[in-house]
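# Geometric and topological summary
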Amino acid sequence: MPALPYDWSAKEACDAYEKTWEISRREVHYGWLSPGENTLRLLEDVPERSKALDVGCGMGENIVALHRLKLDAYGLDLSSYMVRKARRTLREEGMESKSYGLRKRVRQCDARAFASEFRTKFDVVLAVYSLEFFKDIQEFRKAISEITKGMVGGGTFVLCISHPTTHPDYPRIKNETELVGTSSVPLLMYSIRDVVQTLCEEKLVVERVIEQQTRRPSRLTYEEAGQFPYHFREGKNPFSPLFDDLNDKNPHTLIYRTRKES
Ligand SMILES: C[S@@+](CC[C@H](N)C(=O)[O-])C[C@H]1O[C@@H](n2cnc3c(N)ncnc32)[C@H](O)[C@@H]1O
């Protein structure tokens, strides 16, 4: 995510996110300007009808994309505005039915306390840019612990987070986890060590790590960006040329595919 913190409890922030980003409903995405599932194949061994959860689902595109993979897909988000947008997305896709009630499918809850909300355990959990809005590493640990509690043994968890080296403060924070937002609108930049340690402590085996880099994002045209499932809307490229320099040198997104120990 770009460096600015977002206040997800505010309607304006959620609307601004929706106005900036155009996200595919056809292919599972793993972050802005990153190849999606058709290329990365992080879920290719997941059997049809497996239960999948998108944590911090935003506008719900990945719920639709998981459903298209023939998975039994759910989502959760802390923001009431995002929950409304996600339910609207599912409704637009004709996914609402008696056996597929949207209130049940998309729930408003916190990544740190959701396992008791769902009376099921998940085979697949995704979290795309949704676990960075914490004040400290303990809150992140709580979310990861809750996610593993809500998963079956052998299940897959894919975590996509901002790559610390692309944050403008990186030379100062020197790969230490640090709050780069504010206490009221937090945004946490994680050191790679803290993330890997947390995953391992929660019995998640890291199977793949992908570092996604996009060169000169401010100069990308809408057509070029459109090859990725998560890209900016036409005329809404949010990247300033200042960001190009960082992006030319460093990857912007870290994607971990992990498996819960059986
Ligand atoms: C950058 S958006 C990403 C949305 C979506 N995953 C996507 O890829 O478009 C971050 C989302 O995480 C949600 N979020 C932030 N903190 C959360 C938490 N503690 N629990 C659940 N959702 C959270 C926000 O409300 C927001 O919808």
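Predicted model, so just to flag it, every value in this text is computed and none were measured.

## Some points on unusual backbone geometry
Phi is positive for L33, which is not a glycine, with a value near 50°. With respect to the helices and strands, the residue L33 is situated in the loop between β1 (21-23) and α2 (37-40). In this structure L33 comes out as buried when scored by relative accessible area, which is 0%. Positive phi outside glycine occurs at K70, with the angle close to 70°. Residue position: K70 is located in the loop between α3 (61-68) and β3 (72-77).

## Observations concerning the pairing of strand β11 (residues 253-260)
Most of β11 sits inside the fold, with 8 of its 8 residues counted as buried. The alternating pattern of β11 places T253, I255, R257 and R259 and L254, Y256, T258 and K260 on opposite faces, both of which are buried. Relative to β11, strand β6 (residues 151-162) runs antiparallel, the two sharing 7 bridges. Note on β11: the bridge partner recorded for C160 is I255. Where strand β9 (residues 204-212) lies against β11, 8 bridges are found, and the strand directions are antiparallel. The residue bridging V205 from the neighbouring strand is R259, located in β11.

## Focus on the site of the ligand
Every one of the 22 residues lining the ligand counts as a neighbour, but Y17, H29, G56, D77 and A111 are closest to it. One of the side-chain N or O atoms of Y17 is found 2.7 Å from an oxygen atom in the ligand. At a separation of 3.1 Å, a nitrogen atom of the ligand approaches a polar side-chain atom of D110. Burial of the ligand by the surrounding chains reaches 99%, relative to a free accessible area of 590 Å². Classifying every residue of the shell around the ligand gives 15 nonpolar, 5 polar and 2 charged.

## Here we look at the side chain of T166
Relative to the assigned elements, T166 resides in the loop between β6 and α7 (170-173). Here T166 is in contact with F243, L246, N247, N250, P251 and H252, once residues within four sequence places are set aside.

## Concerning the sheet that holds β11
Strand order in the open sheet formed by 7 strands is β4-β3-β2-β5-β6-β11-β9, with mixed pairing between adjacent strands. At either margin of the open sheet sits one strand with a lone partner, and together these are β4 (106-108) and β9. Strand-to-strand, the axes of this sheet are offset by a mean angle of 15°, without reference to chain direction. Direction of pairing for strand β2 (residues 51-55) relative to strand β5 (residues 122-128): parallel, over a ladder of 3 bridges. Each residue of the ladder has a partner; that of L53, found in β5, is V125. Packed on one face of the sheet, α3 meets β2, β3, β4 and β5 and runs near 170° to β3.

## Some remarks on the pattern of salt bridges
Pairing between side chains of opposite charge can happen when their charged atoms approach one another. Within the structure shown, the criterion is met by 25 salt bridges. Across the pair K11 and D15 runs a salt bridge, and its minimum N-O distance is 2.7 Å. Highlighted residues: K11 and D15, both in helix α1 (residues 11-20), separated by 4 residues, approximately one helical turn. The class for K11 is partly exposed, based on a relative accessible area of 41%. Of the residues examined, D15 reaches a relative accessible area of 18% and is grouped as buried. Measuring nitrogen to oxygen at the nearest pair gives 3.5 Å for the salt bridge that ties E201 to R141. Here E201 is found in helix α8 (residues 192-201), whereas its partner R141 is found in helix α6 (residues 137-149), with 60 residues between them in sequence. Residue classification places R141 among the partly exposed positions, given a relative accessible area of 26%. Through salt bridges that share partners, K11, D15, E18, R25, R68, K85, R88, E92 and E93 make up one connected network.

Conventions used here
Residues numbered from 1 in each chain as written. Predicted model: local features only at pLDDT ≥ 70, side-chain atom pairs only at ≥ 80, totals over all residues. Heavy atoms only, no water. Helix = DSSP H or I, 4+ residues; strand = E, 2+ residues; numbered from the N terminus. Buried < 20%, exposed > 50% of the residue type's maximum accessible area, 1.4 Å probe, protein only. Pairing = 2+ DSSP bridges. Near = heavy atom within 4 Å. Polar contact = N/O pair within 3.5 Å; in protein donor to acceptor, adjacent residues only side chain to side chain. Areas by Shrake-Rupley, 256 points an atom, 1.4 Å probe, with all protein chains shown as cover. Nonpolar A, V, L, I, M, F, W, Y, C, P; charged D, E, K, R; others polar. Contact = heavy atoms within 4.5 Å. Axes fitted to C-alpha atoms, helices over the stretch in contact; angles between N-to-C directions. Salt bridge = Lys/Arg side-chain N within 4 Å of Asp/Glu carboxyl O.

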